[in-house]
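# Topology and contacts: notes
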Amino acid sequence: MMPQIKPILSALRRHKAGAVLIALQTALTLAIVCNALFIIQQRVAHLSAPSGIDEPNLLVIENTWADKLSKEDADAQLRADLAVLRQIPGVHDAVVSNAYPMRGSGWDQFITLTPDQTTAVGDPAVYLGDEHFIDTLGVKLIAGRNFRPDEVRPIANRESTMPPVTIVTKALADKLFPDGSALGKQIYAMSSTPTTIIGIVDLLQTQSLANWQMRSAYQSLIWPMRIVGNSYYILRAQPGQLAAVRQAAVKALYAQNRMRIINDDGVLDYTQVRQAAYDSDYGMAMLMGIICVVLLAITAAGIVGLTSFWVGQRRKQIGVRRALGATRHDILSYFMTENLLITVGGVIFGVALAIAMNLWLVTHFEMDRLSLIYLLVGVLLLLLLGQGAALAPAVRASRVSPIEATRSV
Amino acid sequence: MFSYYVQLGLRSLRRNPVLTALMVMAIGFGVAASMITYSVFRAVSGNPIPEKSERLFIPQIDSWGPKYNLPGNEPPYALNYVDAVALMRTHQAKRQTMLYPIELSALPLGGQSIPFTVEGFTAQSDFFAMFDVPFQYGSAWAAADDEHRAAVVVISRKLNDKLFGGENSLGREITLSGHNYRVVGVSENWNLKPRFFAAWGGTSFGNPSDIYIPISRAMDLRVDTAGSNSCRGHIDYGDWDGWLQSNCVWVIPWVQLDSTAEAEQYQQFLEGYAADQQRAGRYGWAPNVRLRNVMQWLDYLHVVPQESSVSLLVALGFFAICLINTIGLLLAKFLRRSGEIGVRRALGASRREIYLQYLIEAGTVGFAGGLLGLLLTALGISGVGLLFQPQIARLAHLDITLVGLTLLVSIFATVVAALYPTWRAAQVQPAWQLKSN
């Protein structure tokens, strides 16, 4: 094959424009496909991030009181609601909280190790819940103990009192005390009153999934509090009972007290929560996927078109070569090598372009650096695409009969 | 001559159906991808209030200090209650309002109905004139209502339809979260996109507002914000009143300043206010204030979602590749007809006529690509909900501008792409072609 390269190069010089166009198209395609694949991978990685909770059996109900209730009245209503919910057949457990994992936005609070420290050591998501919280969400307690019922207090909106005890996630414990000594330690959550870590749970995703919160991914803490006022009921159904619980729960709540608002979109299972939370990731991955596929198809079609044109232009020369003793295989490999040379040129330029495009995205959109594996995959993909697209016209060229040499057109 | 060339173009399109189909598809897909993503980008990046955006400003005051400020020593996104009230009280701007988002419950008339949620804002009387809120009935409440902490409400046309069957409801009472309010105005359904005045907190593309109540009344009733609340340092404030006195920022101020002189004056006033606070010992740092107008504010908050910018860029790159593809295919198509060109030139056609003929031919390809692109764009926009978040996706729509733009961009881009192939075609030497034939 090697000896063929020189004549191919001198032939290419005679149709520079077409070769440059194919190389350019290959380069741009490589740049976009690499970056698109990388974006897809990052977004899909978000989609498959675990939450640490028993998603298949959880239901969230957003509850708003229609009347303005005093703190005492609201707390009484709340406890009555919880009693009703925990009685529903098929319900494993239920809890009231200020938020739920992957809600989209939520409550975070800076943590320091001394009351005077100004730089936060952690920025965890804050969950409020009673002694049923861990069991309801299906979170695993890996050290220490759960809350006791007598530690749980009601809290109204815009009230700020520090609970004496807290349960934290392992991610937060490790962030605050990298030596693994978190249990029993005191921490400060924007307060001069300390709170003591009495338990550590394994995994519990934060409420917001935005970039700022993802810098503290899985760093969450639970305070032994019942939030009165507008809040979320979280229910854990026994396996297979979620649909039945969903029907019964809203009815039971309205039967308990009619002066409340539960909107249709305020009752969510975790398929819905996930969908809402990862909507933009899913959409972005899909859009990039569609663009990749169509782009590769169009580039392939372009290569087929131009190579066919060249074959058509050179029928006479092919005939001459065949008449002078070149085999069909020689002709085939001529066009395949020609394509390979052009594609390699394009790919080299494309790698530089892909990196430049990624750097631009990094500086303007806080994206991550492109990993080399995507460049490699992209290069391989385009080399194969070029060869695949050139194959059909090259085969047609190899079938040109030596008799063409004698024709005038 | 023009129609003759168009006919020639169409005939030539039919002669090479595969090549033509390839080009039309490339242009169609390329332009459709660009237009679909552009329709989303256009919706989220537009100026929500073009005639006034340069005259509406959001003042920011550094109430956290360098230890706690946002990166780059940027002051907080909103004001704490104390600063907000103090700024409004001095009334340095001709029109001004402070506001925050709320969510209340409303009860339709008739005992059997179930309460429902209504979203809206607390504001001051200037709000409506500042932001050009259109009214169906009545008007904004008076400045005196703010002072007297009056229980009045402006409701949206949608809520008026729901509660009062669409009739003139001025003077009637509605109950919101257990308290009565008198209707003083019914606004037309009005929702700026993005809703710049509440851009902090991520509700720029939220549902339209149904209620507006005076902020003074809301404070009496302790109506909590449904928006963001951000605090620094220790927050041992205890209860509601402690929260109002705390450094937590949650009140959003806006002022209207009609000239650069006024804006400069206000900037000086802000610095003066901050200096006073420093002298009073409330803040232990030098004045650090900002006065951004609407577009500067939206830009600063990055209101345009990352997804829409990146996808628009990728789509434009995609379109560029489609055009390069088209250049190659046009080159092949034109040069294949070198013989024909040679004959025409030999028979007296000038280069100019060759240019004209082939550019018009390219134009017809572009037009066909545009039609396909239009079809794909319409299809894509109806399916845009699968690709973008619902609140963003529903903003994208196909209008006459987009239709025109799709066709125009396709034709223009294809003609530009055809420049090089046409130039090559015009360079064909008649003698050479005739000889080799």
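Being a predicted model, the structure only gives us computed values, none of them experimental.

### Considering the overall build of chain A
- Regarding its fold elements, chain A presents 12 helices and 12 strands.
- By the compact-globule yardstick of 22 Å for 409 residues, chain A is too spread out, its C-alpha radius of gyration being 32 Å.
- Contacts in chain A between residues at least 24 apart in sequence constitute 83% of all its contacts with a sequence separation of at least 6.

### Focus on the overall build of chain B
- The number of helices and strands found in chain B is 16 helices and 10 strands.
- On C-alpha atoms alone, chain B measures out to a radius of gyration of 31 Å, which is more than a quarter above the 22 Å that the 2.2 N^0.38 rule sets for 437 residues.
- Looking at chain B residue by residue over its 437 residues, the buried ones come to 46%.
- Across chain B, every contact between residues at least 6 apart in sequence was considered, and the portion connecting residues at least 24 apart equals 78%.

### Some details on the environment of A:Asp202
- Among the structural elements, A:Asp202 can be located in the loop between strand E8 (195–201) and helix H6 (211–214).
- In contact with A:Asp202, other than residues within four places in its own chain, are A:Gly52, A:Val139, A:Lys140, A:Ile142 and A:Lys170.

### With respect to the packing of helix H2 (residues 16–47) of chain A against helix H12 (residues 372–398) of chain A
Residue and element names in this part refer to chain A.
- Contact geometry for H2 and H12: axes closest at 9 Å, N-to-C directions at 135°. In terms of orientation, H2 and H12 fall into the oblique class. In this structure, H2 meets H12 at a crossing whose hand is right-handed. Residues Thr 26, Thr 29, Leu 30, Val 33, Cys 34, Leu 37 and Phe 38 of H2 form the contact with H12, whose participating residues are Tyr 374, Leu 375, Val 377, Gly 378, Val 379, Leu 381, Leu 382 and Gly 386.
- The residue makeup of the contact of H2 with H12, split by class, is 11 nonpolar, 4 polar and no charged.

### Digging into the domain arrangement of chain B
All names here are of chain B.
- Along its sequence, chain B is carved into domain 1 (2–47 + 305–436) and domain 2 (63–256).
- Computed over C-alpha atoms only, the centres of domain 1 and domain 2 are separated by 50 Å.
- Contact with domain 1, which involves 6 residues of that partner, is made by 4 residues of domain 2.
- Of all the secondary-structure elements, those providing two or more residues to the side of domain 1 that touches domain 2 are helix H2 (17–45) and helix H14 (390–393).
- Here the residues of the side of domain 1 that touches domain 2 are counted per class, giving 4 nonpolar, 2 polar and no charged.

### What to know about helix H15 (residues 400–426) of chain B
All names here are of chain B.
- The terminal C-alpha atoms of H15 lie 37 Å apart, and with 27 residues this matches the ideal 39 Å at 1.5 Å per residue to within 8%.
- The sharpest bend along H15 comes to roughly 40°, located at Leu 419, with the proline Pro 421 sitting one to four residues further on.
- Residues of H15 that are buried include every one of Leu 402, Thr 406, Val 409, Ser 410, Ile 411, Ala 413, Thr 414, Ala 417, Ala 418, Pro 421, Thr 422 and Ala 425, and no others.
- Residues of H15 that are buried sit in contact with H2, helix H11 (306–335), helix H12 (338–346) and helix H13 (351–382).

### A closer look at the interface of chain B and chain A
- Facing 50 residues of chain B, the contacting portion of chain A comprises 47 residues.
- In terms of residues, the side of chain B that touches chain A owes the most to one element, H11(B), which gives 19 residues.

### Remarks on the environment of A:Ala80
Residues and elements named next belong to chain A.
- Note that Ala 80 resides in helix H3 (residues 71–87).
- For Ala 80, a count of 13 C-beta atoms within 10 Å gives the class partly exposed.
- A sequence separation of 177 residues divides Ala 80 from Asn 257, and the C-alpha atoms of the two residues are 9.4 Å apart.

### A closer look at the pairing of strand E2 (residues 91–97) of chain A
Residues and elements named next belong to chain A.
- In terms of burial, E2 is largely enclosed, as 5 of its 7 residues are buried.
- Two elements, E2 and strand E10 (residues 231–237), share 6 bridges in a ladder whose sense is antiparallel. Directly across from Ala 94, in E10, lies its bridge partner Leu 235.

### Concerning the nonpolar core
- Grouped together as the largest cluster of nonpolar side chains are 239 residues, with contacts concentrated most on A:Cys34, A:Leu235, A:Ile291, B:Val153, B:Ile252 and B:Phe318.
- If you tally residues by element for this core, the top one is H2(B), at 18 residues.
- Ignoring sequence-local partners within four residues, the contact set of A:Cys34 consists of A:Ala354, A:Leu370, A:Tyr374, A:Leu375 and A:Gly378.

### Brief notes about unusual backbone geometry
Residues and elements named next belong to chain B.
- Following Lys 193, the chain continues into Pro 194 via a peptide bond in cis, with omega recorded as -10°.
- One non-glycine residue, His 91, lies in the positive phi region at around 50°.
- Structurally, His 91 can be placed in the loop between helix H3 (81–90) and strand E2 (95–106).

### Digging into the confidence of the model for chain B
- Per-residue confidence for chain B gives a mean pLDDT of 90; residues scoring 70 or more make up 98%.
- This prediction of the complex comes with two scores: 0.84 for pTM and 0.82 for ipTM.

### With respect to the environment of B:Gly380
All names here are of chain B.
- Among the secondary structure elements, Gly 380 is positioned in helix H13.
- For the pair Gly 380 and Gly 65, spaced 315 residues apart in sequence, the C-alpha to C-alpha distance is 48 Å.
- Non-local contacts of Gly 380, meaning those with residues more than four positions away in its chain, are made with Ala 32 and Ile 36.

Thresholds, definitions, all that
Residues numbered from 1 in each chain as written. Chains lettered and ligands numbered in written order. Predicted model: local features only at pLDDT ≥ 70, side-chain atom pairs only at ≥ 80, totals over all residues. Helix = DSSP H or I, 4+ residues; strand = E, 2+ residues; numbered from the N terminus. Rg over C-alpha atoms; globule rule 2.2 N^0.38 Å. Contact = placed C-beta atoms within 7 Å. Buried ≥ 20, exposed ≤ 12 C-beta atoms within 10 Å, placed from the backbone. Axes fitted to C-alpha atoms, helices over the stretch in contact; angles between N-to-C directions. Parallel < 35°, antiparallel > 145°, perpendicular 65-115°, else oblique. Left-handed = near helix turned anticlockwise from the far one by under 90°. Nonpolar A, V, L, I, M, F, W, Y, C, P; charged D, E, K, R; others polar. Domains from an automatic or database assignment. Expected span 1.5 Å × (residues − 1). Bend = angle between axes of the 7 residues up to and from the residue. Pairing = 2+ DSSP bridges. Core = buried A, V, L, I, M, F, W, Y, C linked by C-beta atoms within 7 Å. pLDDT = per-residue confidence, 0-100.

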